[in-house]
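Here are the chains, one letter per residue:
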Amino acid sequence: MPIPNIVLHVADVHKSFGGLHALSDVDLQVQEGTTHAIIGPNGAGKSTLLNVCIGRLAPDTGAVVFDGQVITGKLPHEINQMGVVRVFQTPEIFSDLSLLQNVMVPAFAKRDGSFRLNAIRPVSSETGIRDEALHWLDDVGLADQRDAIAASLSRGDKRRLELAMGLVQKPRLLLLDEPTAGMSRHDTNSTIELLKKIKGRGMTKVIIEHDMHVVFSLADRITVLAQGRIIADGPPDEVRGNPKVQEAYLGGVH
Amino acid sequence: MLNLSRSDWLLLAGFSAVVLCLPVILEPIGAAYPALMQKFCIFGIFAIGFNILFGLTGYLSFGHAAFLGIGSYAAVWSFKLFTMNAIPAIIMAVFFAAAFALIVGYVCLRRSGIYFSILTLAFAQMSYNLVYSVLTPLTNGETGLQLTLNDPRIVDALFYEPAAGLPRVDLFGLFISGGGYAGFYLCAAMLIICFIIALLIFRSPFGMMLRAIKSNQNRMRYTGFNTRPYLLAAFVISGMYAGLAGGLMAATDPLVGAERMQWTASGEVVLMTILGGVGTLVGPVLGAAVIKYFENIFSSFGDATLHDVFGFLPDAVEQPVVSFLVLFVGDGWNLTLGVVFMLIVIFLPGGIMEGLRRIWNLFGRRPGDGKKVLAAHPRPAE
Ligand SMILES: Nc1ncnc2c1ncn2[C@@H]1O[C@H](COP(=O)(O)OP(=O)(O)OP(=O)(O)O)[C@@H](O)[C@H]1O
Ligand SMILES: [Mg+2]
């Protein structure tokens, strides 16, 4: 089934919670190197779709294929080590650690794999990891707060931190769940710039977003979900003019 | 060889100096005798190890005394079967504790939070009961395991004629058991080595991963880490510290009974760590020393001592005061400990280290008290 340049294939996935069909017959292909946006009203099943991709939820039927390999059933850390990284809708960071440590931890995962008993060399002598972490902290604009404790950040800053945590792993597939929610206009724009800058470089991005400005600035292709079904899928201009999409957003679903 | 920052070298130097000079430092408070000082060191080791698990990963074990007991039994068997030299005994103690910790950790780490604590407690109580019952041939049940005149001691037998009476534990001619200074200095040296290892772990990427697991284990998984082996490694390391402590207990006094594995002993190391300061390097050692020091004082108090102390009061007052306070001394020492512990948890959750830091901030920065500052301010970015 895998076509060479399809990096992610969500194949006929179905997922329900009790009687609620969160995802029905979702079939989605993401091309390598593109930015693929998933939009849809609240409760459409967007986050659930990402949860299925990273192994947080198991689909009832169907499978997720990454880079020609079925990843459904694999453990979250295995999926990450294959190069699939997720940035969560509610920021998931290490609140007790400093910003720099927050970014160094994923950098270690990338370099050392899922387990390495590295107890002799102090962290302070890991200059390579440190510089890399600082580089990405700088790119998201948080370098000057590197020694602050992550819990003290605002919601928007936590997102930027999590973005740096994802990018430092140089993922092949980056899944972003509403990366700019809670950010100021200014930070949103710089996040767009950052995501544009890292376009290509072998990284494919799937981005869930409510902010249409962000979507149309970044997306090469848009998939629209409503009530767990794909109602439209195509290039931005095509989707924008699609009457079904207008209806789903304006017609009071949910 | 050791790749430490300047402040860590200072911390290590300060710590070692204090430990090695204990006989001088403790003289004024009447605690400068080897039997008590070696207790400080042994429980310090126990608490440092416990803190590697609890302080770094947040996993609270209520069964660590089992490893202490296993270390002691292994050491006494080494004395009985092979030689009175302390080194093989200590190695055996650490080895058996590690092996047991591997099994216990493998099972208990399948759960976290309160379920993990209960599993460890269940394991420890199970071991305690086994020691009394099924394992009597190995542990000598209620009587406890001790040296006898008919022990084979095969290695020693090759080299010496057995002297009359029970032999003493030795380290190349120095007597370790019997409450001499050699015993204390062996324990002190081990404490310093254990402190160095803990320092390395705290500063290493491994330590950072453990802290990250404590902070958000789920995130660690989605960050690409298999958290189980990290936790298991921390668990086994802390079990080995407990085994070493148990081995040293046996080396300084070669007999062991099952009560060493009882849940109260597991609870005690939790108290020491929390009292001193969870997650700090020096705190657990301070906590251990403080508890053992006051245990030593309070548990020797009795009716008579209290009457002496309060003799200046009129009889009508003295009688009720003494009969109230007597609840808290002697066998009632645990009551005092409980009250102190509650006060600490409520008013000073960071323990003694937090208290020192507050005092420090109150008086501003004074030079020449490097150790406390360094320990009290773990650098946020390592
Ligand atoms: N773990 C769960 N258990 C039960 N129901 C769930 C679970 N996760 C999601 N749901 C339900 O599935 C539906 C889809 O949720 P999902 O979070 O995927 O929506 P979404 O498209 O991400 O919405 P939003 O834009 O608000 O983030 C919702 O009705 C939600 O209540
Ligand atoms: Mg969502």
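Rules used throughout
- Residues numbered from 1 in each chain as written.
- Chains lettered and ligands numbered in written order.
- Predicted model: local features only at pLDDT ≥ 70, side-chain atom pairs only at ≥ 80, totals over all residues.
- Heavy atoms only, no water.
- Near = heavy atom within 4 Å.
- Polar contact = N/O pair within 3.5 Å; in protein donor to acceptor, adjacent residues only side chain to side chain.
- Areas by Shrake-Rupley, 256 points an atom, 1.4 Å probe, with all protein chains shown as cover.
- Helix = DSSP H or I, 4+ residues; strand = E, 2+ residues; numbered from the N terminus.
- Donors = N, O, S within 2.8 Å, 3.2 Å for Na, K, Ca; no water.
- Buried < 20%, exposed > 50% of the residue type's maximum accessible area, 1.4 Å probe, protein only.
- Patch = residues over 30% accessible without salt bridge, like charges linked within 9 Å, V, L, I, M, F, W, Y side chains within 5 Å.
- Salt bridge = Lys/Arg side-chain N within 4 Å of Asp/Glu carboxyl O.
- Phe/Tyr/Trp six-rings, centres within 6.5 Å; stacked < 30°, edge-to-face > 60°.
- Lys NZ or Arg CZ within 6 Å of the ring centre and 35° of its normal.
- Domains from an automatic or database assignment.
- Contact = heavy atoms within 4.5 Å.
- Buried area = accessible area lost by both parts, 1.4 Å probe.
- Core = buried A, V, L, I, M, F, W, Y, C linked by side-chain atoms within 4.5 Å.
- Expected span 1.5 Å × (residues − 1).
- Pairing = 2+ DSSP bridges.

Visitor: Looking at this structure, I do not really get the site of ligand 1. What am I missing?
Guide: Residue and element names in this part refer to chain A. Near ligand 1 you find 13 residues, and of these Gly-43, Lys-46, Ser-47, Thr-48 and Gln-89 are the closest. A distance of 2.8 Å separates an oxygen atom of ligand 1 from a polar side-chain atom of Lys-46. A distance of 2.5 Å separates an oxygen atom of ligand 1 from a polar side-chain atom of Thr-48. Relative to its unbound accessible surface of 630 Å², ligand 1 loses 64% to contact with the protein. For the shell around ligand 1, the elements supplying multiple residues, two or more each, are strand S2 (20–31) and helix H1 (46–53).

Visitor: So what exactly am I meant to see when it comes to the coordination of the magnesium ion (ligand 2) here?
Guide: For a metal with four donors in a tetrahedral arrangement, the ideal angle between donors is 109.5 degrees, while six donors in an octahedron ideally sit at 90 or 180 degrees. Residue and element names in this part refer to chain A. Ser-47 (OG) and Gln-89 (OE1) make up the full set of protein donors to the magnesium ion (ligand 2), lying at 1.9 to 2.1 Å. Here the residue Ser-47 occupies a position in helix H1, and Gln-89 occupies one in the loop between strand S6 (84–87) and helix H3 (99–112), the gap between them amounting to 42 residues. When its relative accessible area of 21% is taken as the criterion, Ser-47 is described as partly exposed. Overall, the relative accessible area of 30% leaves Gln-89 in the partly exposed class.

Visitor: Would you take a moment to explain a nonpolar patch on the surface for this structure?
Guide: All names here are of chain B. On the surface, a nonpolar cluster with roughly 590 Å² of combined accessible area is contributed by Ile-154, Val-155, Leu-158, Phe-159 and Tyr-160. With respect to the element layout, Tyr-160 can be found in the loop between helix H8 (154–159) and strand S2 (170–171). Residue Tyr-160 is classed as exposed on the basis of its relative accessible area, which comes to 55%.

Visitor: Looking at this structure, how should I read the packing of aromatic side chains?
Guide: Two descriptors summarise a pair of aromatic rings, namely the distance from one centre to the other and the angle between the planes of the rings. All names here are of chain B. For the structure on display, the rule yields 21 aromatic pairs over all chains. Judged by centre distance (3.8 Å) and plane angle (10°), the rings of Phe-15 and Phe-195 are stacked. Here Phe-15, found in helix H1 (residues 6–20), pairs with Phe-195, found in helix H9 (residues 181–203); they are 180 residues apart in sequence, far enough to count as distant. When the ring of Phe-100 is compared with that of Phe-123, the centres are 6.4 Å apart and the planes differ by 85°; the resulting orientation is edge-to-face. In this pair, Phe-100 sits in helix H5 (residues 86–108) while Phe-123 sits in helix H6 (residues 113–132), placing the two residues 23 residues apart along the sequence. Each member of the pair, Phe-100 as well as Phe-123, carries the same accessibility label: buried. Three or more aromatic residues joined by ring pairs form one cluster here, namely Tyr-59, Phe-67, Phe-100, Phe-116, Phe-123 and Phe-235. The ring of Phe-175 carries the charged tip of Arg-168 above its face, separated from the ring centre by 4.4 Å.

Visitor: I keep staring at the domain arrangement of chain B and nothing clicks. Help me out?
Guide: How big an interface is tends to be expressed through the accessible area that disappears when the partners come together. Residue and element names in this part refer to chain B. By domain assignment, chain B separates into domain 1 (31–263 + 273–282) and domain 2 (297–366). Centre-to-centre, using C-alpha coordinates, domain 1 lies 30 Å away from domain 2. Opposite the six residues of domain 1 that make contact, domain 2 presents eight residues. Regarding the contact of domain 1 and domain 2, the summed buried area is about 560 Å², with carbon and sulfur atoms giving 78% of it. Together, Ile-274, Leu-275 and Gly-276 form the three largest contributors to the area buried by domain 1 at its contact with domain 2, with a combined 75%. Taken together, the links from domain 1 to domain 2 amount to zero salt bridges. One can count three residue pairs in polar contact (both at pLDDT 80 or more) joining domain 1 with domain 2.

Visitor: Explain the nonpolar core to me, please; I cannot follow it from the model alone.
Guide: Nonpolar side chains in soluble globular proteins tend to end up buried together. The biggest cluster of nonpolar side chains holds 166 residues, and the ones touching the most others in it are Val-105 and Leu-161 of chain A together with Phe-79 of chain B. When residues of this core are assigned to their parent elements, the largest contribution, 16 residues, is made by helix H11 (residues 227–252) of chain B. The residues contacting Leu-161 of chain A, other than those within four sequence positions of it, are Ile-93, Leu-99, Asn-102, Val-103, Leu-137, Leu-142, Ala-150 and Leu-153 of chain A. In this structure, Phe-66, Ile-71 and Ile-79 of chain A together with Tyr-222 of chain B belong to the second largest nonpolar core, which totals 27 residues.

Visitor: I'm lost on helix H4 (residues 65–81) of chain B in this one. Help?
Guide: Residues separated by three or four positions in an α-helix point in the same direction, a consequence of the helix having 3.6 residues per turn. With 17 residues, H4 of chain B extends 24 Å between its outermost C-alpha atoms, agreeing within 8% with the 24 Å of an ideal straight helix rising 1.5 Å per residue. Burial runs high along H4 of chain B: 15 of the 17 residues are buried.

Visitor: Any chance you could explain the pairing of strand S3 (residues 35–39) of chain A here in plain terms?
Guide: Two faces, one strand: in a regular strand the side chains alternate between the faces of the sheet. Residues and elements named next belong to chain A. The buried count for S3 comes to five of five residues, which makes it a mostly enclosed element. Alignment of S3 against strand S8 (residues 204–208), held across four bridges, turns out to be parallel. From the neighbouring strand, Ala-37 faces S8, where its bridge partner is Ile-207.

Visitor: How should I be thinking about the pattern of salt bridges in this particular structure?
Guide: A pair can form between side chains of opposite charge whenever their charged atoms are brought close. All names here are of chain A. What the rule picks out here adds up to 24 salt bridges over all chains. A salt bridge links Asp-112 to Arg-116; the nearest nitrogen and oxygen atoms lie 2.8 Å apart. In this structure, Asp-139 engages Lys-197 in a salt bridge whose closest nitrogen and oxygen atoms are separated by 3.5 Å. A residue pair is termed long-range when its members are at least 10 positions apart, and Asp-139 in helix H4 (residues 127–139) and Lys-197 in helix H6 (residues 185–197) qualify at 58 residues. The exposure class of Lys-197 is partly exposed, given its relative accessible area of 49%. One network of salt bridges, with partners in common, ties together Arg-111, Asp-112, Arg-116, Arg-121 and Glu-126.

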